[in-house]
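Now for the letters of each chain:
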Amino acid sequence: PAKVRIAEPFAGAGIFLVAALRELRDLLPPEWPAAERHQFLVERMAGAELDAFACEVATLSLILADYPNANGWHVRSTDLFKAGALEAFLKDATLILCNPPFEDFTAEERIDYPEAFAISPSKAMVALHAAIDAGPEALGFVLPRGVLQQKQYRQLRTRLAAGYGRIELVSLPDRIFEKATYPCALVVATERRSTDITKPVRLNAKTVADADRERFLAEGAVTSERQSVRAAPDGR
């Protein structure tokens, strides 16, 4: 736990931060006093979101999850698509959790964010590229389902396989997320490569059918699972 730095860009109401707080708190020594545990956690978690009201909601969610401790949580209103902003926020993170916006940049946004648009017209793909560039020990993303197979995302899949030794892909049915208008997938990458870039990639591909949606939400159970080992690609 002492090495963990958790970052959630595009945090919204801070759902991932609250879940991470609970997981990390359970790993701390039980004899630590509440004030010490709280200070330890606030120093290792941060969120960023453009919407100032969403930042307030995320902060309140963390306060309630860590009740009765005081505030101190680092959730800031930030325009992450401005040049250098996302890079600066993700720097030194060891774990990046993200449910980015799925839509493409509008015509006006392409003018406002030329550097981001040059990377990809998709906001979600810009976020994932930035996360890979940051080199965390692990990352977990909610992404459009097309990232699993479509040719336009091949470079991203190659970069993930080049940077991490274990990748889990979960294809989700509709209605998993209350407000999602796109079919979604989960991408989890762990075992970051530091020296041995030739080590094979362990790929775990899972599918959740619509008939198993409720079971997945309640238990995390999947409909099918396929594991494979592949040679590591060159992600340059």
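Residues numbered from 1 in each chain as written. Predicted model: local features only at pLDDT ≥ 70, side-chain atom pairs only at ≥ 80, totals over all residues. Heavy atoms only, no water.

### Considerations on helix H8 (residues 154-163)
Phase 1 of the analysis: All of the buried residues in H8 are Leu156, Arg159, Leu160, Ala161 and Ala162.
Phase 2 of the analysis: Tucked into the core, H8 has its buried residues touching helix H7 (123-134), strand S5 (138-144), strand S6 (164-171), strand S7 (184-192) and strand S8 (201-207). (Buried < 20%, exposed > 50% of the residue type's maximum accessible area, 1.4 Å probe, protein only. Helix = DSSP H or I, 4+ residues; strand = E, 2+ residues; numbered from the N terminus. Contact = heavy atoms within 4.5 Å.)

### Topic: the environment of Ala116
Phase 1 of the analysis: Inspection of the secondary structure puts Ala116 in helix H6 (residues 114-119).
Phase 2 of the analysis: In this structure, the C-alpha to C-alpha distance between Ala116 and Phe81, residues 35 residues apart in sequence, is 6.3 Å.
Phase 3 of the analysis: Residues in contact with Ala116, not counting those within four places in the same chain, are Phe81, Phe105 and Val126.

### Comments concerning the packing of aromatic side chains
Phase 1 of the analysis: This model, assessed by the stated rule, comprises 5 aromatic pairs.
Phase 2 of the analysis: Both rings, one in Trp32 and one in Phe40, keep their centres 5.3 Å apart while their planes meet at 65 degrees; by these two values the pair is edge-to-face.
Phase 3 of the analysis: Residues Phe81 and Phe105 carry aromatic rings whose centres are separated by 5.0 Å and whose planes lie at 75 degrees to one another, so their mutual orientation is edge-to-face. Here Phe81, found in the loop between strand S3 (74-77) and helix H4 (85-90), pairs with Phe105, found in the loop between strand S4 (95-98) and helix H5 (107-112); they are 24 residues apart in sequence, far enough to count as distant. (Phe/Tyr/Trp six-rings, centres within 6.5 Å; stacked < 30°, edge-to-face > 60°.)

### Some thoughts on the pairing of S6
Phase 1 of the analysis: Buried residues dominate S6, accounting for 6 of its 8 residues.
Phase 2 of the analysis: Of the pairings in the sheet, the one linking S6 to S7 comprises 7 bridges and is antiparallel in character. Pairing of Val170 across the sheet is with Leu186, part of S7. (Pairing = 2+ DSSP bridges.)

### Notes on the environment of Phe102
Phase 1 of the analysis: With respect to the helices, strands and loops of the structure, Phe102 is situated in the loop between S4 and H5.
Phase 2 of the analysis: When its relative accessible area of 11% is taken as the criterion, Phe102 is described as buried.
Phase 3 of the analysis: Sequence-distant contacts of Phe102, defined by excluding residues within four places in its chain, comprise Ser122, Ala124, Val142, Leu143, Pro144, Tyr182 and Cys184.

### A word on the layout of surface pockets
It is the rolling of a water-molecule-sized probe over the atoms that shows where space remains empty.
Phase 1 of the analysis: Of the volumes computed, that of the largest pocket is approximately 1,100 Å³.
Phase 2 of the analysis: Together, 31 residues line the largest pocket, and Ile15, Phe16, Asn99, Val142 and Phe177 are the ones closest to its centre.
Phase 3 of the analysis: Listing elements by their share of the lining of the largest pocket, those giving two or more residues are helix H1 (15-25), S5, S6 and S7.
Phase 4 of the analysis: Take the lining of the largest pocket: its biggest share by element is 4 residues, from S7.
Phase 5 of the analysis: Classifying every residue of the lining of the largest pocket gives 21 nonpolar, 4 polar and 6 charged.
Phase 6 of the analysis: The computed volume of the second largest pocket comes to approximately 580 Å³.
Phase 7 of the analysis: Around the second largest pocket, the lining is made up of 25 residues, and of these Leu148, Arg157, Leu169, Leu203 and Arg230 lie nearest the centre.
Phase 8 of the analysis: Taken together, the elements giving at least two residues each to the lining of the second largest pocket come down to H8, S6, S8 and strand S9 (224-230).
Phase 9 of the analysis: Its residues assigned to classes, the lining of the second largest pocket comprises 14 nonpolar, 5 polar and 6 charged. (1 Å grid on protein atoms, 1.4 Å probe; cavity = no way out; pocket = protein on both sides within 12 Å on 5 of 7 lines; lining within 4 Å. Points joined across faces, edges and corners; volume = space filled by probe spheres on them. Nonpolar A, V, L, I, M, F, W, Y, C, P; charged D, E, K, R; others polar.)

### Structural notes on the nonpolar core
Phase 1 of the analysis: Ranked by internal contacts, the top residues of the largest apolar core, which has 47 residues, are Leu128, Leu139, Phe141, Leu143, Leu160 and Ile167.
Phase 2 of the analysis: Broken down by secondary-structure element, the contributors of at least two residues to this core are H4, S4, H7, S5, H8, S6, S7 and S8.
Phase 3 of the analysis: For this core, the element with the most residues is H7, which contributes 8 residues.
Phase 4 of the analysis: Residues in contact with Leu139, not counting those within four places in the same chain, are Leu95, Ile96, Leu128, Ala131, Ile132, Leu160, Tyr164, Val187, Val188 and Ala189.
Phase 5 of the analysis: The next biggest cluster of nonpolar side chains, apart from the first, holds 18 residues, and it includes Ile6, Leu17, Leu24 and Leu28. (Core = buried A, V, L, I, M, F, W, Y, C linked by side-chain atoms within 4.5 Å.)

### Some thoughts on helix H3 (residues 52-65)
Phase 1 of the analysis: Under the 1.5 Å per step criterion, the end-to-end length of H3 is 20 Å for 14 residues, consistent within 8% with the ideal 20 Å.
Phase 2 of the analysis: When H3 is considered as a whole, its buried residues turn out to be Ala54, Cys55, Ala58, Thr59, Leu62 and Ala65. Each buried residue of H3 lies within a common arc of 140 degrees when the element is viewed along its axis, so the set occupies one face. Looking at H3, the residues exposed on the side facing more than 90 degrees away from the buried face are Phe53 and Leu64. (Expected span 1.5 Å × (residues − 1). Arc of directions from axis to C-beta.)

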